[in-house]
Amino acid sequence: MDRREIAGLLAYVGRLDPRTMRTTTEELKDQIAQWHELLDDVPLATDHGWDVRAAAKAHVLDSPYPILPVDIARKWRAYRRDRLDRHTDPTPAADPDNPTAWRAELLGTRHAVATGQQQPTGQRALAGGPHPDVEARLRAIGTCIPQAVRAELARYRPTRAAREAAITEGRPDPLSVRCEWCHAPEGEPCRSRRTGPDGAARGNARRATPHPTRVDLAGAALTRQETAA
Ligand SMILES: [Zn+2]
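Reading guide: rules and limits
Residues numbered from 1 in each chain as written. Predicted model: local features only at pLDDT ≥ 70, side-chain atom pairs only at ≥ 80, totals over all residues. Heavy atoms only, no water. Helix = DSSP H or I, 4+ residues; strand = E, 2+ residues; numbered from the N terminus. Rg over C-alpha atoms; globule rule 2.2 N^0.38 Å. Buried < 20%, exposed > 50% of the residue type's maximum accessible area, 1.4 Å probe, protein only. Contact = heavy atoms within 4.5 Å. Areas by Shrake-Rupley, 256 points an atom, 1.4 Å probe, with all protein chains shown as cover. Domains from an automatic or database assignment. Polar contact = N/O pair within 3.5 Å; in protein donor to acceptor, adjacent residues only side chain to side chain. Axes fitted to C-alpha atoms, helices over the stretch in contact; angles between N-to-C directions. Parallel < 35°, antiparallel > 145°, perpendicular 65-115°, else oblique. Left-handed = near helix turned anticlockwise from the far one by under 90°. Nonpolar A, V, L, I, M, F, W, Y, C, P; charged D, E, K, R; others polar. Core = buried A, V, L, I, M, F, W, Y, C linked by side-chain atoms within 4.5 Å.

### A look at the overall build of the protein
Argument step 1. If you tally the helices and strands in the protein, you get 10 helices and 2 strands.
Argument step 2. Element order for the protein, N to C, with α for helix and β for strand: α-α-α-α-α-α-α-α-α-β-β-α.
Argument step 3. Taking 17 Å as the expected radius of gyration for a compact globule of 229 residues, we find that the protein reaches 34 Å, considerably beyond that expectation.
Argument step 4. Across its three principal directions, the C-alpha atoms of the protein cover 110 × 45 × 40 Å.
Argument step 5. In the protein, which comprises 229 residues, the share counted as buried stands at 25%.
Argument step 6. Across the protein, contacts joining residues at least 24 apart in sequence account for 55% of those joining residues at least 6 apart.
Argument step 7. For the protein, the computed accessible surface area is about 15700 Å², with 54% contributed by carbon and sulfur atoms.

This is the structure in structure tokens:
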């Protein structure tokens with residue numbers, strides 16, 4: 001707070017507790033100088049819960065003694081301490097091989113949190129969401145798995161690869177609908193059931209290709225979607 005803000009605060013405090021009012025200009029100047037000395041690094045208000053008028057009012061409500069500048073300074077220190085207690089340093093975006101920049105960013109973030117310019121960052125596990133860098137990359141690629149790795153994996157997951165290929169090429173994806181023939185649910189490959197002479201099921205193997213009726217159903221569903229869009 002600068003001197004002008006201190007004078008405003010003193011006028012406010014004087015209305016709440018007339019004992020703090022000074023009568024002569026000389027006394028008022030002294031009082032402003034004394035308060036400024038202790039409170040010049042305390043902001044008037046921050047976006048995150050600090051308001052010097054609220055702190056002054058709380059003192060007047062809580063204490064029978066006239067307010068002193070140190071009462072406000074102590075509340076400000078408690079506010080800073082509480083915020084830093086709730087802050088766990090997020091990994092800086094700076095290059096870790098550049099210790100100066102790394103340290104500067106770490107301290108800068110702490111200072112911003114302490115002085116109420118920024119909200120504290122909780123435990124990463126609870127804070128949710130990946131680092132902004134990773135998020136931007138994910139948005140650009142659209143998937144956590146890079147294309148090259150995805151191509152390598154294709155032969156180990158033929159069903160998935162066939163679905164992705166169908167979607168990319170704009171063909172109907174048979175697995176997007178339930179199979180009316182073998183009752184395989186959505187997303188599951190078709191199964192061939194063989195029945196033995198005694199009527200009991202003898203096999204339940206996954207089929208590499210879906211049943212033809214399912215392909216037709218998916219085609220019809222895709223056409224419906226396209227006409228609706
Ligand atoms: Zn089927």
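Further notes follow.
### Regarding the domain arrangement of the protein
Argument step 1. What the domain assignment reports for the protein is domain 1 (3–85) and domain 2 (132–228).
Argument step 2. Relative placement of domain 1 and domain 2: their C-alpha centres are 68 Å apart.

### Some remarks on the side chain of Arg150
Argument step 1. Take Arg150: it is sitting in helix α8 (residues 147–153).
Argument step 2. We classify Arg150 as buried; its relative accessible area is 15%.
Argument step 3. Setting aside anything within four residues of it in sequence, one finds Arg150 in contact with Thr143, Ile145, Arg157, Arg160 and Glu164.

### Examining the side chain of Thr20
Argument step 1. Of note, Thr20 is situated in the loop between α1 (3–16) and α2 (25–39).
Argument step 2. Overall, the relative accessible area of 6% leaves Thr20 in the buried class.
Argument step 3. A polar contact of 2.9 Å, which involves the side chain of Thr20, links it to the backbone oxygen of Asp17.
Argument step 4. With sequence-adjacent residues up to four places away left out, Thr20 is seen in contact with Val13, Gly14, Gln31, Pro66 and Ile67.

### Describing the packing of helix α4 (residues 69–85) against helix α5 (residues 99–114)
Argument step 1. For the pair α4 and α5, the least separation of the axes is 8 Å and the interaxial angle reads 130°. Between α4 and α5, the crossing angle belongs to the class labelled oblique. By crossing handedness, the relation of α4 to α5 is classed as right-handed. Judged by residue contacts, Trp76, Tyr79, Arg80, Arg83 and Leu84 of α4 engage Arg110, Val113 and Ala114 from α5.
Argument step 2. Split into classes, the residues belonging to the contact of α4 with α5 amount to 5 nonpolar, no polar and 3 charged.

### Looking at unusual backbone geometry
Argument step 1. Here His183, not a glycine, exhibits a phi torsion of approximately 60°, which is positive.
Argument step 2. Here His183 is to be found in the loop between α9 (158–169) and β1 (191–195).

### Thoughts on the nonpolar core
Argument step 1. Membership of the largest hydrophobic core comes to 18 residues, with the highest contact counts inside it found for Met1, Ile6, Leu9, Trp35, Leu39, Trp50 and Ile72.
Argument step 2. Residue contacts for Leu9: discarding those within four places in its chain leaves Met1, Trp35, Val52, Arg53 and Ala56.

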